[in-house]
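Chain by chain, the residues run as shown.
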Amino acid sequence: MGQNQLVIRALEPEDIDAIYRWENDPAVWEYSDIHTPYSRHVLTQYLMEAQSGDFYRDRQLRLVAQLGAQAVGCIDLFDYDPSHHRAGVGILVDSAFRRQGVALQMLEYLKRYAHDVLQLHQLYCHISLDNLASRQLFLKAGFTHAGTLVDWNYNPQSKQYQPAWILQIIL
């Protein structure tokens, strides 16, 4: 595996340090549904038990992006709806690897995997209006703006509600 070759793979126990760092970064909480820290124990339990590897049963899938030997981000499918063949997408890239094309490569991989392997019809995401980098990423990956949700996300730091865009892509 070349140093610059991005690999997308399943979560492994050795990912605990990276996951712990990412999930407990308050800068990320602003754009997620998480507003409290996770303990290493809780995250270890998640790594060991929460994901069976069966997307259809779990209705979610978390994958890790790796460059060389280093985990550089994760990408999730969640809220899988088997009746309508769709799922939500979440993405996080380690701050040291942002603005290097990693996130776009992760999304392109996930789109192919969701279509070719999981046979999903569409993917969607909700992105806070003030998260310009994420909106630009998803638009560049072919997602389109499908609507705006008023006062969708509450930011406990600013004590204000933020609108969010719904973006979707038909695979």
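Residues numbered from 1 in each chain as written. Predicted model: local features only at pLDDT ≥ 70, side-chain atom pairs only at ≥ 80, totals over all residues. Heavy atoms only, no water.

Caption draft 1: Quick peek at helix α6 (residues 132–140). Among the residues of α6, those classed as buried are Ser134, Arg135, Leu137 and Phe138. Within α6, the buried residues cover an arc of 160 degrees as seen down the axis, which keeps them to one side. Those residues of α6 that are buried lie in contact with β4 (86–93), α5 (102–116), β5 (122–128) and β7 (160–170). Trailing α6 by a residue or two, Gly142 shows a phi angle of about 100 degrees, which is positive. (Buried < 20%, exposed > 50% of the residue type's maximum accessible area, 1.4 Å probe, protein only. Helix = DSSP H or I, 4+ residues; strand = E, 2+ residues; numbered from the N terminus. Arc of directions from axis to C-beta. Contact = heavy atoms within 4.5 Å.)

Caption draft 2: Layout of the pattern of salt bridges. Taken as a whole and judged by the stated rule, the model has 5 salt bridges. With a closest N to O distance of 2.7 Å, Arg9 and Asp15 form a salt bridge. Each member of the pair Arg9 and Asp15 is classed as buried. With a closest N to O distance of 3.2 Å, Glu108 and Lys111 form a salt bridge. Placement of both Glu108 and Lys111 in helix α5 is noted, with a separation of 3 residues, approximately one turn of the helix. We classify Glu108 as partly exposed; its relative accessible area is 27%. A relative accessible area of 14% means that Lys111 is categorised as buried. (Salt bridge = Lys/Arg side-chain N within 4 Å of Asp/Glu carboxyl O.)

Caption draft 3: The pairing of β4, seen in detail. Two strands pair when backbone bridges link them, and strand β3 (residues 70–81) and β4 are joined in this way by 7 bridges, in the antiparallel orientation. Its bridge partner lying in β4, Phe78 is registered against Gly88. Hairpin connection, β3 to β4: the antiparallel pair is bridged by 4 residues, and His85 has positive phi, about 55 degrees. Bridge count for β4 against β5 is 3 bridges, and the pairing is parallel. Its bridge partner being in β5, Gly88 is matched across the sheet by Tyr124. Each parallel crossover has a hand, and the one from β4 via α5 to β5 is right-handed. (Pairing = 2+ DSSP bridges. Right-handed = clockwise from strand over helix to strand, strands pointing away.)

Caption draft 4: Region of the structure containing unusual backbone geometry. You will see that Asp79, though not glycine, has its phi angle at about 55 degrees, which is positive. Structurally, Asp79 is set in strand β3. Within the chain, Lys159 stands out as a residue other than glycine whose phi angle is a positive 55 degrees. By relative accessible area, Lys159 is classed as exposed at 62%.

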